[in-house]
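Examination of the molecular architecture
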Amino acid sequence: MNGQPVRPEAEARLLPRIAELFRPYRVQVLLVALAILVTSGLGVVNPLLIRTVFDEALFCGAGCPDLDLLARLVALMAAVPIVGGAIGVGQTYLANRVGQRVMQDLRDRLYAHLQRMSLRFFTATRTGEIQSRLANDVGGVQSVVTDTAATVLANVVIVASTLIAMFVISWPLTVLSLLLTPLFAWLTYRVGKTRRQVVEVTQQSKAEMSAITQETLSVSGVLLAKVFGRQQDEIERFRRENRRLAELQVRQQMIGQGFFAVVQAFFSIMPALVYLVAGYLLASGRGPAISAGTLVAFTTLQTRLFFPVGQLLRVSVEVQSSLALFRRIFDYLDLTPEIVDAPDAVALPAESVRGRIRFRHVYFTYGETRLPPSLVAPVGDGRRSPEPDGHHDEATGRPWILEDVDFEIEPGQLVALVGPSGAGKTTISYLIPRLYDVTAGAVEIDGVDVRNIQLASLTRLIGMVTQEPYLFHASVRDNLLYARPDATQEEIEQAARLALIHDRILELDQGYDTVVGERGYRMSGGEKQRLAIARVILKDPRILILDEATSSLDTASERLVQRALQPVMAGRTTIAIAHRLSTILNADVIFVIDRGRIVERGTHRELLERGGLYAQLYRQQFGEGLIEARCQDGLVLASGQVIAGEA
Ligand code: ATP
């Protein structure tokens, strides 16, 4: 996504899209515009009054100075800025409110959109990069949305009204003052364009910094760096990127400074030039007569141009830079969430679901999805079907991660998925809650294609205990409540008791209020797993997916986790990616997965007797390594042979 060339078609749509963000606040925007018109219009009143003061009240020949007129004019000149100032305060308040609301909407939209993105997006994008778009890019447009529009409008009005007044006073002098304008406009555009390119790179650098920080200052990152003694390298990497960012920021600030200085100098010199030209005109006797009042009023107006023109030039450069940021934000907003509800998706009420799971000739590859989400029809209904020779996805040329996986699990059954590492067991489990969609074939729950079930209701049906349970940096109670926010303390404790973690929680400093630490790092592996089990008990799903930890816990911990799992599995359809002997032995059926295919299926005994891959894996995992493995129900195994009957 980084470093994409600027796409012209998207560029053309950018400004209307930005304007669209202000649409909900059009009344306020209108009020701000009105206030700006009034305050900027008021701004030309005083310079115009100067002419009257000079030519009619102070130096008007006989009867002058006209003190009466002068007093009235001065009173007016005092009132104008006071009224203008008061309106200005209201206008600033309103403009800021609108700007902040636009920012708030943008952040909300971006966050909600990211929440809807599929797992595939997050596995392919660095967290730091995502955080940076949400923080740095949205933050970067802040000044533009809060005050650019107001600044532009105010200054345009000031410039326009001043120019009109200047024209009225003396058009030849005005034309003279405007000679260099086209050159300035062109230079502004060039400077803006360069700035925009630098901004793009700067934002990428910020995203890189954010990614480095996120990756290396998280508990896992710090642990890794410490264990491998790489802290110094990480410090160096950070330093390099940080230096690059600092240089880019300086470059960004400096672009166009020379140009702005020239413009500034030009505007300061202009009044002097006007005096010179006026002198020549007077001396030659050609051209319109110029009074002293006219000259003073004209040059006063001219100096009034100085600040707003400078502002406009700067702002237009900033607006151009902010387009780069908006593009990065819209880039994310334009990503289509891949897994969404089909228009005719149904809600499956959790109470009536039995929990029969069917995989119909499922093929899967981790590539880009090509099926539009609306294309949700059962297999054989015009959906893509895999090419007959198998092994590769025809469309992408990628090898199938799952190939013709076809099975049915009866309600309440415990199924163990067993197979070598990388065989595709986790992938199978991901297809049931639609963390990914099948490439071809279908996954069904109670005969309904999961793609035709509303995601919210699908999520309610399924509970997952992953290998490394994720815990938030919050209290034990809050982590448990995540499964069911309305659970009572009794229900929480009941779940914790069933998961055999209640007593341990009570031993903690603050019991259920103890904060578990970033990602639960203050808990042991077994405790985290039991907390995750308690969480799933609280959720009470119809279907349970259990990815057993491969990392071995000590025997006592392991046994606790096994025992904790018993009540969870009871009465639910359970798919366990099994690494524990007890799960395998308890399973109603074992599917042996190898390179994306189910190569064997049956019970432990049947599979052992067959003497195929399962028997081989079994001997490797439990036979040679474990001379004696005991599962909690008293079953004793020695040298890979079952010597006692199953409980
Ligand atoms: P293990 O027992 O080691 O966890 P597994 O049987 O669960 O392995 P999967 O995690 O399903 O295996 O992975 C199956 C294959 O898919 C592997 O070759 C893996 O490299 C690949 N894979 C997994 N996740 C992704 C992903 N997000 N993008 C691309 N390929 C992936």
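Up top you'll find the structure we're talking about.
Attention here is on the structure that accompanies the text. (Residues numbered from 1 in each chain as written. Predicted model: local features only at pLDDT ≥ 70, side-chain atom pairs only at ≥ 80, totals over all residues. Heavy atoms only, no water.)

1. A word on the site of the ligand
- Around the ligand sit Thr123, Tyr366, Ile401, Pro420, Ser421, Gly422, Ala423, Gly424, Lys425, Thr426, Thr427 and Tyr436, and that is every residue in its neighbourhood.
- Note that an oxygen atom of the ligand is positioned 2.7 Å from one of the side-chain N or O atoms of Ser421.
- In this structure, an oxygen atom belonging to the ligand sits 2.8 Å away from a main-chain N or O atom of Gly424.
- It is helix H13 (residues 425-431) that provides the largest number of residues to the shell around the ligand, a total of three residues.
- Considered class by class, the residues forming the shell around the ligand number five nonpolar, six polar and one charged. (Near = heavy atom within 4 Å. Polar contact = N/O pair within 3.5 Å; in protein donor to acceptor, adjacent residues only side chain to side chain. Helix = DSSP H or I, 4+ residues; strand = E, 2+ residues; numbered from the N terminus. Nonpolar A, V, L, I, M, F, W, Y, C, P; charged D, E, K, R; others polar.)

2. Let's talk about the environment of Glu351
- For Glu351, the location among the structural elements is in the loop between helix H12 (292-333) and strand E1 (357-364).
- Given the relative accessible area of 71%, Glu351 is considered exposed.
- Taking the C-alpha atoms as reference, Glu351 lies 8.5 Å from Arg542; in sequence the two are 191 residues apart. (Buried < 20%, exposed > 50% of the residue type's maximum accessible area, 1.4 Å probe, protein only.)

3. Considering the side chain of Glu338
- Here Glu338 lies in the loop between H12 and E1.
- Taking relative accessible area as the criterion, Glu338 reaches 15% and is therefore assigned buried.
- Separated by 3.0 Å, the side chains of Glu338 and Ser118 make a polar contact.

4. Notes on the packing of helix H6 (residues 142-169) against helix H7 (residues 171-178)
- Their axes nearest at 6 Å, the elements H6 and H7 cross at an angle of 135 degrees. Relative to H7, H6 is oriented oblique. Counting all contacts with H6, which are made through Leu163, Met166, Phe167 and Ile169, the residues of H7 involved are Trp171, Thr174, Val175, Ser177 and Leu178.
- Each residue belonging to the contact of H6 with H7 can be placed in one class, and the counts come to seven nonpolar, two polar and no charged. (Axes fitted to C-alpha atoms, helices over the stretch in contact; angles between N-to-C directions. Parallel < 35°, antiparallel > 145°, perpendicular 65-115°, else oblique. Contact = heavy atoms within 4.5 Å.)

5. Describing the pairing of strand E4 (residues 440-445)
- Of all the six residues making up E4, six are buried; the element is thus mostly covered by neighbouring parts of the structure.
- Two strands pair when backbone bridges link them, and E4 and strand E5 (residues 448-449) are joined in this way by two bridges, in the antiparallel orientation. Its bridge partner lying in E5, Glu444 is registered against Asp449.
- Linking two consecutive strands that pair antiparallel, namely E4 and E5, is a turn of two residues; a positive phi of about 50 degrees is found at Asp446 within it. (Pairing = 2+ DSSP bridges.)

6. Side note on helix H5 (residues 127-140)
- End to end, H5 covers 19 Å across 14 residues, agreeing with the expected 20 Å (1.5 Å per residue, within 8%).
- Its axis deflected by about 30 degrees at Arg133, H5 carries its strongest bend there.
- Taken together, the buried positions of H5 are occupied by Gly128, Glu129, Ile130, Ser132, Arg133, Asp137 and Val138.
- Packing partners of the buried residues in H5 comprise helix H3 (67-116), helix H4 (119-124), H6, helix H8 (181-216) and H12. (Expected span 1.5 Å × (residues − 1). Bend = angle between axes of the 7 residues up to and from the residue.)

7. A look at the packing of aromatic side chains
- For the structure shown, the criterion picks out 15 aromatic pairs.
- Between Phe121 and Tyr332 the ring centres are 5.7 Å apart and the planes differ by 80 degrees, which places this aromatic pair in the edge-to-face class. Separated by 211 residues along the polypeptide, Phe121 in helix H4 and Tyr332 in helix H12 bring together distant segments of the chain. With respect to burial, Phe121 and Tyr332 carry one shared label: buried.
- Ring centres of Tyr470 and Phe472 lie 5.5 Å apart, and the angle between their planes is 85 degrees; this geometry places the pair in the edge-to-face category.
- By relative accessible area, which is 40% here, Tyr470 ends up partly exposed. (Phe/Tyr/Trp six-rings, centres within 6.5 Å; stacked < 30°, edge-to-face > 60°.)

8. Let's talk about the nonpolar core
- Grouped together as the largest cluster of nonpolar side chains are 47 residues, with contacts concentrated most on Val418, Val476, Leu480, Leu531, Ile533, Ile590 and Tyr614.
- For this core, the element with the highest residue contribution is helix H18 (residues 525-539), accounting for seven residues.
- Once you skip the residues sitting within four places of it in the chain, Ile590 turns out to touch Ala416, Val418, Ile584, Glu600, Arg601, Gly602, Thr603, His604, Leu607 and Tyr614.
- The next biggest cluster of nonpolar side chains, apart from the first, holds 33 residues, and it includes Val353, Leu431, Tyr436 and Leu458. (Core = buried A, V, L, I, M, F, W, Y, C linked by side-chain atoms within 4.5 Å.)

9. Points about the side chain of Thr202
- Note on placement: Thr202 falls in helix H8.
- Judged by its relative accessible area of 0%, Thr202 falls in the buried class.
- Sequence-distant contacts of Thr202, that is, excluding residues within four places in its chain, are made with Leu245, Leu248, Gln249 and Gln252.

10. Some remarks on the sheet that holds strand E2 (residues 402-409)
- Taken together, the four strands give an open sheet; going across it, the order is E2-E1-E4-E5, and neighbouring strands pair in antiparallel fashion. Pairing within the sheet leaves two strands with one partner each, and these edge strands are E2 and E5.
- Two strands pair when backbone bridges link them, and E1 and E4 are joined in this way by five bridges, in the antiparallel orientation. What sits directly across from Arg360, in E4, is Ala442.

11. Some thoughts on the pattern of salt bridges
- A full pass over the atoms with the stated rule returns 28 salt bridges.
- We note a salt bridge from Arg358 to Asp406, for which the minimum N-O separation is 3.3 Å. In this pair, Arg358 is assigned in strand E1 and Asp406 in strand E2, connecting sequence segments 48 residues apart. For the pair shown, Arg358 and Asp406 are each scored as buried. (Salt bridge = Lys/Arg side-chain N within 4 Å of Asp/Glu carboxyl O.)

12. Thoughts on the packing of helix H2 (residues 26-58) against H12
- At a minimum axis distance of 8 Å, the contact between H2 and H12 shows a crossing angle of 160 degrees. The orientation of H2 relative to H12 falls into the category roughly antiparallel. Judged by the sense of rotation from one axis to the other, the crossing of H2 with H12 is right-handed. Along its contact with H2, which presents Ser40, Gly43, Val44, Pro47, Ile50, Arg51, Phe54 and Asp55, the element H12 presents Gly293, Thr294, Val296, Ala297, Thr300, Leu301 and Arg304.
- Here the contact of H2 with H12 is composed, by residue class, of seven nonpolar, five polar and three charged. (Left-handed = near helix turned anticlockwise from the far one by under 90°.)

By themselves, these figures tell us nothing about what the structure is for.
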